[in-house]
Amino acid sequence: MKTKLSILDYGLGNIFSVAQAASRIGFEVTVSEKPAELGRSDALILPGVGAFGDAIGRLKEKELDLVINDFISSNRPLLGICLGMQLMFDKSSEFGCHTGLRLLSGEIVHFPRNVEGGKVPQIQWNKVQFDGQSRLFSGMESGCFMYFLHSFYALPADNGYFQARSEYAGIEYCCALEKGNVFAVQFHPERSGEVGLSLLENYYKIARGEK
Amino acid sequence: MKFPRIIARLDIKGPNVVKGIHLEGLRVLGNPEEFATHYYQAGADELLYMDVVASLYERNSLLDFISKTAEKIFIPITVGGGLRTLEDISKVLRAGADKVAINTAAIRNPSLVSEAASRFGSSTIVVAIEAIRQQDGQYLAFVDNGREYTGRDVIEWACEVNALGAGEILLTSVDREGTGQGFDLELVDAVAKKVDIPVIAHGGAGKMDDVAKLMTESSADAVALASIFHYDTITQLSSSGTTSEGNRDFLKSGRRFSTVVPTTVAALKGMLSQQGINVRM
């Protein structure tokens, strides 16, 4: 039986690429904003490109925050990509102060501006470093390149779970994490070539209960 | 850490990849899908499709092409050429492009930049600027492949574009494009040092060393390359029997622009890396 992946559609971001990559991996992909459809999935992806405040507003308006909470309580995996990762935290300072989904404690902050060696947004490939065990990065090497496109990054308040790091504009920051069945990446695996696809393949295996 | 991006640029007219040959017009180089797949597999960091639009038919075939490549190429794709309205941009993004490049429409109606940035996200909007150097050293922005005068000063326009919310600037030196004489480093720095968004340099690469110089002697964040890659690609694709007769004659005659020394993505990245320039390997 095919493993069902739902990509949350809340009107922001280019969902097409995520859907293409996920299908390629083997997921049966649905793009939806309907709680019933989302609730029937084996795994969820929370994508996102755009502003935090706008995004959280839309999620709450469609009651997708409740869907996400229910999904996690049922122990099924959730993967946040880019803005999707940021939304999982407590708050962000983008265009005012906004409260996030509060799945993870910590906040979202802006890269320092006008620093030598770092235009903002970061639009480039960069190295992802990690040590220790991770299901999401299983079989992958620390130092692999992924594609980043963002101006804000996460500052987790708790370091008790797996975190991968990257370095930009003089800041070393958390670019991926794994806490139980909550996964998040700041970069775009669907735009990171074959390496990105292998990370998504790991997510597929997790969704199928093989990891 | 900064990792300058190596972007492969394809100029597309209808069903073909084309290249403007100095004083000769456009030459057909081959099939866009083959070129795109080749560059993806070769390790290009991003792809840039510039549409040389002549008709509505050709615009639709571009949308098909974007969708086809977005299904099997998993690196960022930027599409530009003839995009005039928010609806044009939306169509291209929905077809699978990650970013769009706008030039003429932006300079004629700057509020399009802020509207597009607001609707689709700043990081989706690249403003393309074509610069021609004037006798007094000033750079002026042109549109329509350097043919139409706008009177806008490039630096001033770039700063305005930055303020309007564009995510990146694609800066072409019309004087250098296709000549293989190297990048106009003065132009690149004049813009890159004034704006706080990334600048992609384009126009002038004749040999690998030109790219190394660009990365070590200017503040460019990325480089878009066409001729220097394509003249190698057509050789590789022709050996697999897919190049048209016209191109084989072209290759045999040695008439490709003699100041361009073709290279591959791998060779270029290897050389840059050896020179201490960080690139994605």
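Preceding this paragraph is the structure being described.
Residues numbered from 1 in each chain as written. Chains lettered and ligands numbered in written order. Predicted model: local features only at pLDDT ≥ 70, side-chain atom pairs only at ≥ 80, totals over all residues. Heavy atoms only, no water.

## Structural notes on the overall build of chain A
Here is the rule: Strands here mean DSSP runs of E at least two residues long; helices mean DSSP runs of H or I at least four residues long; both are numbered from the N terminus. Based on C-alpha atoms, the radius of gyration is set beside the globule rule, defined as 2.2 Å times the residue count to the power 0.38. Note on contacts: a residue pair qualifies if any of its non-hydrogen atoms lie within 4.5 Å across the two residues.
Regarding its fold elements, chain A presents six helices and 13 strands. For chain A, whose C-alpha radius of gyration is 16 Å, the value lies close to the compact-globule estimate of 17 Å for 211 residues. When the backbone C-alpha atoms are referred to their principal axes, chain A occupies close to 50 × 40 × 30 Å. Excluding contacts between residues fewer than 6 apart, the proportion of contacts in chain A whose partners are at least 24 apart in sequence is 70%.

## Structural notes on the packing of helix α8 (residues 208-217) of chain B against helix α11 (residues 265-274) of chain B
Residues and elements named next belong to chain B. Rule in force here: For helices, the fitted axis covers only the stretch in contact; all axes are lines through C-alpha atoms, and the angles between them, taken along N-to-C directions, range from 0 to 180 degrees. Just so you know how the angles are binned, under 35 degrees is roughly parallel, over 145 roughly antiparallel, 65 to 115 roughly perpendicular, and the rest oblique. By definition, any crossing whose near helix is turned counterclockwise from its far helix by less than a right angle is left-handed, and any crossing with a clockwise turn is right-handed. Ten residues, namely Ala, Val, Leu, Ile, Met, Phe, Trp, Tyr, Cys and Pro, are considered nonpolar, four, namely Asp, Glu, Lys and Arg, are considered charged, and the remaining ones, Gly among them, are considered polar.
For the pair α8 and α11, interaxial distance at closest approach is 10 Å and the crossing angle is 45°. The angle between the axes of α8 and α11 places the two elements in the oblique class. Crossing of α8 against α11: the hand is right-handed. Counted together, Met208, Asp209, Val211 and Ala212 of α8 and Ala267, Leu268, Met271 and Leu272 of α11 form the full contact between these two elements. Per-class residue counts for the contact of α8 with α11 are seven nonpolar, no polar and one charged.

## Side note on the pattern of salt bridges
All names here are of chain B. How we decide: Take a side-chain nitrogen of Lys or Arg and a carboxyl oxygen of Asp or Glu: if they are within 4 Å of each other, that pair is a salt bridge. Buried means the residue's accessible area, taken with a 1.4 Å probe over protein chains only, is under 20% of the maximum for its type, while exposed means over 50%, and partly exposed covers the values in between.
Counted under the stated rule, the structure contains 26 salt bridges over all chains. In this structure, the salt-bridge partner of Glu33 is Lys68, at a minimum N-O distance of 3.7 Å. In this pair, Glu33 sits in helix α1 (residues 32-42) while Lys68 sits in helix α2 (residues 56-72), placing the two residues 35 residues apart along the sequence. Owing to a relative accessible area of 42%, Lys68 belongs among the partly exposed residues under this scheme.

## Concerning the state of the cysteines
Note the cut-off: Cysteine sulfur atoms are paired as a disulfide whenever they come within 2.5 Å of each other.
What the rule picks out here adds up to zero disulfides over all chains. Left without a disulfide partner, Cys175 of chain A is nearest to the cysteine sulfur of Cys174 of chain A, which lies 6.5 Å away.

## Points about the side chain of Lys119 of chain A
Defined as follows: Each polar contact in these results corresponds to two N or O atoms within 3.5 Å; when the atoms are within protein, one needs to be able to donate a hydrogen and the other to accept it, and residues that are neighboring in sequence are counted only if both atoms are side-chain atoms.
Position of Lys119 of chain A among the secondary structure elements: in the loop between β7 (106-110) and β8 (122-128). Here the side chain of Lys119 of chain A touches Asp221 of chain B through a polar contact of 3.5 Å, side chain to side chain. Sequence-distant contacts of Lys119 of chain A, that is, excluding residues within four places in its chain, are made with Tyr168 of chain A together with Ala192, Val195, Asp196, Ile197, Pro198, Val199 and Asp221 of chain B.

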